[in-house]
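# Structural features, examined
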Amino acid sequence: MESDTPLLPREKMQQDGIESLTDAELLALFLRIGTRNCDVMTYAHDLLHRFGSLYSLLSAPEKELMRVEGIGIAKYAQLKGIAELARRFFSVRVIMERSLDSSDATREFLQSQLAQEEREIFMVIFLDNQNRVLKHTRMFSGTLSHVEVHPREIVREAIKANAAALILAHNHPSGSAEPSKSDRMVTDKVIKCCQFMEIRVVDHFVIGRGEYISFAERGWI
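For clarity, every value in this text was computed on a predicted model and none was experimentally measured.

With that settled, consider the overall build of the protein. Helices and strands together make up the secondary structure of the protein, namely nine helices and five strands. The helix and strand sequence of the protein, counted from the amino end, reads α-α-α-α-α-α-α-β-β-α-β-α-β-β. Taken along the three principal axes of its C-alpha coordinates, the protein extends 70 × 40 × 30 Å. Looking at the protein as a whole, 43% of its 221 residues qualify as buried. Considering only residue pairs separated by 6 or more positions, the protein has 57% of its internal contacts joining residues 24 or more positions apart. Summed over all atoms, the accessible surface of the protein reaches about 13100 Å², with 51% contributed by carbon and sulfur. Here the protein contributes 28 positive and 31 negative side-chain charges, whose respective centroids are spaced 8 Å apart.

Here's what the structure looks like:
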């Protein structure tokens, strides 16, 4: 007779595969233990309910996380470790597979790299003539609300990489991904500099917290 008792996350993974786990089950798999008054599955559900999503939980600042009952330095380190592991995985996968085969894949990669940064970072993905990834580089870093971009340095790096096309990206630590007038002006300058060397600018993504804007999708490129 089959038991009606739900499978624990590890047992479910072994039976049905890792992709079968819910966000709460994955979180419980990493946390391993709950609190004195709460088992790990209930605790994982409570955390996701409190923060709204796995993304919001893993990107929450230290002060906000440490206010939660049961989160001390050990659990805080676990949560931030999960986020950093995901960021590094995406970073290496793009180079190994040399592929960003859709707008969604590009967005997910860029969000993994930039969404949690506390200052503005301007990143460039360099592509060959078949739009395969050659490399990605954090070209410039700035303050909470501004980053100075030098188009000629981007072109110089593209030539060194023998790139035929670029994807530009930067983050808005404030959370809103809506591009500023300055963002649009910088993009136009980079495009004009690249045109002289017959290098295409495919898109410019602005990454906020849980949202993004694509210049190409808006018809600006």
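What follows covers the pattern of salt bridges. A full pass over the atoms with the stated rule returns ten salt bridges. Note that Arg 107 is salt-bridged to Asp 104, the shortest N-O span being 3.7 Å. Note that Arg 107 and Asp 104 are positioned in helix α7 (residues 103-114) at a spacing of three residues, about one turn of the helix. Residue Lys 160 is joined to Glu 157 by a salt bridge in which the shortest nitrogen-to-oxygen separation is 3.7 Å. Of this pair, Lys 160 and Glu 157 both sit in helix α8 (residues 151-160), three residues apart, roughly one helical turn. Looking at Lys 160, the relative accessible area reads 64%, which means it is exposed. Salt bridges here are not isolated pairs; linked through shared partners, they connect Glu 84, Arg 87 and Arg 88.

Within α8, the full set of buried residues consists of Pro 151, Ile 154, Val 155, Glu 157 and Ala 158. The buried residues of α8 occupy an angular sector of 165° when projected down its axis, which confines them to one face. Turned more than 90 degrees from where α8 packs its buried face, Arg 152 and Lys 160 sit exposed. Looking at the buried side of α8, the elements it contacts are β1 (121-127), β2 (133-141), β3 (165-171) and α9 (181-196).

How each quantity is defined
- Residues numbered from 1 in each chain as written.
- Predicted model: local features only at pLDDT ≥ 70, side-chain atom pairs only at ≥ 80, totals over all residues.
- Heavy atoms only, no water.
- Helix = DSSP H or I, 4+ residues; strand = E, 2+ residues; numbered from the N terminus.
- Buried < 20%, exposed > 50% of the residue type's maximum accessible area, 1.4 Å probe, protein only.
- Contact = heavy atoms within 4.5 Å.
- Areas by Shrake-Rupley, 256 points an atom, 1.4 Å probe, with all protein chains shown as cover.
- Lys, Arg positive; Asp, Glu negative; His and termini not counted.
- Charge placed at Lys NZ, Arg CZ, Asp CG, Glu CD.
- Salt bridge = Lys/Arg side-chain N within 4 Å of Asp/Glu carboxyl O.
- Arc of directions from axis to C-beta.

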